[in-house]
Amino acid sequence: MIERIPCLTTRQPWAELIMMGIKRIENRNWSALKRLHNQRIGIHAGKKIEWDVMDYLLEEDLAEEIAAGTFSKSDFTEAVRRNTGVILGTAVLVGEIRASYVDGDPPRIVGVEKDLLTEADMKWWDGHDQIGWIFDKVERFEEPVPIRGQLGIWYWEKARSEE
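Residues numbered from 1 in each chain as written. Predicted model: local features only at pLDDT ≥ 70, side-chain atom pairs only at ≥ 80, totals over all residues. Heavy atoms only, no water.

Participant: Help me understand helix α3 (residues 51-61), please; the structure alone is not making it clear to me.
Facilitator: In an α-helix, one full turn covers 3.6 residues, which means residues spaced three or four apart are oriented alike. Residues of α3 that are buried: Val 53, Met 54, Leu 57 and Leu 58. Projected down its long axis, α3 shows its buried positions confined to an angular sector of 135°, all on one face. Among the exposed residues of α3, those pointing more than 90 degrees away from its buried face are Asp 52 and Asp 55. (Buried < 20%, exposed > 50% of the residue type's maximum accessible area, 1.4 Å probe, protein only. Helix = DSSP H or I, 4+ residues; strand = E, 2+ residues; numbered from the N terminus. Arc of directions from axis to C-beta.)

Here it is as C-alpha cells:
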C-alpha cells in the first residue's frame, strides 16, 4: 500500500536544525496552512549546503545548545555534510506566523497558541516579508530516504514498509 506524504525541501543546515527541534520556524514567502495544517510533512534536505552560515550558527545562534552539551560542532557539521538529497524525517505543521502591517502591532500567529512560541523560536523568523511555518512533533527516520526534492510542496509516495 502506498501513502502520499507531503514534503518540503530546505537547504542544509536548516533541515538538520528542524529535525533537531531547535529551529521550529521555517521561512517561506507563501502559505500552506489551509491545506496542510496539523499534517505531518516530510523534511527533505536539499543537495545544497549553505556553508556561509555554518560558522555564524555554530558561534552565535547555537552556542547555548553546544555549551549545554545538546550536540557538538563536529557532530552537527558531519550530519549536515552527510545528509543531503534525503528526507530526514517528518514534522507537523502546527501554525504560521505573519507580519502585521500596522506599525507597532505584534505579528499575527495563526493555528497555534502564541505562548507555545518561545523567544528562542522567534529568532528563526525572518520577519515582515516572510511567513514562518511553525513545526512541532518532529520524528527523525532511523535512516534518511534518498530522493530528489522539488520546489514547493511535493509528494513522496512511501510504501508502508519504508522508514
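Alright, that's what it looks like, and here's the rest.
Participant: Help me understand the packing of aromatic side chains in this model?
Facilitator: In this description, a pair of aromatic rings is defined by centroid distance and the angle of the planes. The full count for this structure, using the stated rule, is three aromatic pairs. Consider the rings of Trp 30 and Trp 133, whose centres lie 4.9 Å apart with planes at 85°: the pair is edge-to-face. Placement of the pair is Trp 30 in the loop between β2 (25-28) and α2 (33-36) and Trp 133 in strand β6 (residues 131-146), with a sequence separation of 103 residues. Residue Trp 30 is classed as partly exposed on the basis of its relative accessible area of 24%. The class for Trp 133 is buried, based on a relative accessible area of 0%. Between Phe 141 and Trp 156, the ring centres sit 5.8 Å apart and the planes meet at 55°, which makes this aromatic pair tilted. A residue pair is termed long-range when its members are at least 10 positions apart, and Phe 141 in strand β6 and Trp 156 in strand β7 (residues 153-159) qualify at 15 residues. (Phe/Tyr/Trp six-rings, centres within 6.5 Å; stacked < 30°, edge-to-face > 60°.)

Participant: What am I meant to see in helix α5 (residues 73-82) here?
Facilitator: For α5, the set of buried residues is Phe 76, Thr 77, Ala 79 and Val 80. Buried positions in α5, seen along its axis, are confined to an arc of 160° and lie on one side of it. Residues of α5 that are exposed and angled more than 90 degrees away from the buried face: Ser 74, Asp 75 and Arg 82. Packing partners of the buried residues in α5 comprise β1 (2-12), α1 (14-19), β3 (40-49) and α3. (Contact = heavy atoms within 4.5 Å.)

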